[in-house]
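Residue-level structure breakdown
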Amino acid sequence: MGMNRVDVAIVGGGPAGSSAARAAAEQGADVVAFEKGVPRADRERLGPDSTDAAGFLDYWVDIAQLDVDDLPEDVVQCELDLAEFVGPTESVKVDTTGMDSSYDGFGFTFQRAKLDDYLREQAEEAGAEYKVGKSVTDVEHDFDGEPTHEVHLAGGDVYEADYLVLADGPQRQVTMRVLDRFLPDASERLSPPEANHIAYQEYREFPEGALEENNIKFWWGWMPGETAYPWVFPNKDNVARVGLTMPIGMDIDDFDKSEWRLLREDDERIPQGKTYIRRLLEDLYGDEYDVDEDFPLVEEGYGKSKGTETYSISSTRPIDSPTDANVAVVGGAMGTTSAFHEGGDHVAMRTGKLAGELAATGDLDFYNEAWKDAIGDEILRNCAMADVVSDYGPKDWDKTFRVARQMIESAESGRIISRKNASVSLDGLRLYKDYKQAKFRYRNGKYAQITEDEYRV
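Everything numeric here is computed off the predicted structure, so don't read it as measured data.

Cut-offs applied
Residues numbered from 1 in each chain as written. Predicted model: local features only at pLDDT ≥ 70, side-chain atom pairs only at ≥ 80, totals over all residues. Heavy atoms only, no water. Phe/Tyr/Trp six-rings, centres within 6.5 Å; stacked < 30°, edge-to-face > 60°. Buried < 20%, exposed > 50% of the residue type's maximum accessible area, 1.4 Å probe, protein only. Helix = DSSP H or I, 4+ residues; strand = E, 2+ residues; numbered from the N terminus. Expected span 1.5 Å × (residues − 1). Pairing = 2+ DSSP bridges.

Quick look at the packing of aromatic side chains
One pass over the full model with this rule turns up 27 aromatic pairs. Each ring, one from Phe255 and one from Trp260, has its centre 6.4 Å from the other, and the planes form 85 degrees; the classification is edge-to-face. On the basis of relative accessible area, Phe255 is assigned to the partly exposed category, the value being 24%. Taken together through their ring pairs, the aromatic side chains of Phe85, Phe218, Trp220, Tyr229, Trp231, Phe233, Tyr392, Trp397 and Phe401 make up a single cluster.

Describing helix α1 (residues 15-26)
For α1, which comprises 12 residues, the first-to-last C-alpha distance of 16 Å matches the rise-based estimate of 16 Å (1.5 Å per residue) to within 8%. Judged by how many residues are buried, α1 sits mostly within the fold: 10 of 12 residues are covered. For α1, the set of buried residues is Pro15, Ala16, Gly17, Ser18, Ser19, Ala20, Ala21, Ala23, Ala24 and Ala25. Note on α1: the residue one or two positions beyond its end, Gly28, has a positive phi of about 90 degrees.

Some thoughts on the pairing of strand β7 (residues 107-110)
Side chains of β7 alternate between two faces, with Gly107 and Thr109 and Phe108 and Phe110 buried alike. Bridge count for strand β3 (residues 55-57) against β7 is three bridges, and the pairing is antiparallel. When the bridges of β7 are listed, Gly55 appears paired with Thr109. Where strand β4 (residues 76-80) and β7 come together, four bridges link them in antiparallel fashion. Its bridge partner lying in β7, Cys78 is registered against Thr109.

Spelled out as structure tokens, the structure:
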């Protein structure tokens, strides 16, 4: 026990925290990352709570600045050809993101725990130190002169740092306590039950020929709740992640059960994740297969525990950081991950890298501007589209997928959403108008739900 001195202290060892640690160490800073560590069936050592549907689209590789060729062989699971979005009666297949990318392909699925291990190893090779298995119990601040921070660990160790990077994911257990020091209602505004979705997934082995191995699929309008949907992500060897995301604390009495394909008239509450998944598989394959026998849960070496995992994911807009206090919030803790597109490892990695580099060079004042420059277009698209579909029901999703299919068929430039494509129908023009209006509301960084000038340092 005792006081230790470092340049940069990082709370969290996931994609954002590891990217911050590597970037800061590469700039010559003395860096330590604290990760409480959780056991997983698919990891040999303690590490971050690596639960995520785990897919990368082509242009996300460039946002993350990820060298795919450098990844270990067991990270990438499946090269993807397209994504399919399925409504109650309509569907649309998308084989291009419409975005320029250095990655030659539509995207890929990956093993998240192994990606985390790779990112940690990269950071350690650059000179960062990891402290795994001890939780951060408190953070104290000294503003007499240049701000410094004391990070207290379970067991009594204390680390003093000039810069603090908060990368503790959507649960924000440390981030909320720190931000409350600079903004009294930060915890209320970022409270996980209000600000997050809950996600659940199972690793299932599919019968030969039943899994579309190079496609990811999403079912919209099948279950109630804003941006609530199930998915199937292929891994390899006919194993896929079958999961879902939905808001926390919904009341089933707020919904007409007869409208939603995965609800039943005798449901007295919103079903559990495992119930939804069982119903999805029965609906899709029950006529031909016995779900219990033909789609077994793969318990050995998959997922967090016995082939399943539950995790939270941010469903809010991102926040600025109190950089005057030498504090940066990155990744899921700052809300860059999105329940709308299931995840955000790419934006987590990029924000972490920016924060680590700027902290190490003494330029953290530029962080809020830098992350908007780097990922602002991505955030703007997600926030705008999430607003457009926030109140959608099954019929709205069917209409949207029908219009989207028509727009894609008429696309010439590769752009999926454009004024020209939207002119294929009146519904297309309405969708385009709603999307453009939502983007206009969030222009110039207005998507940040907590702005830098709200903090008091």
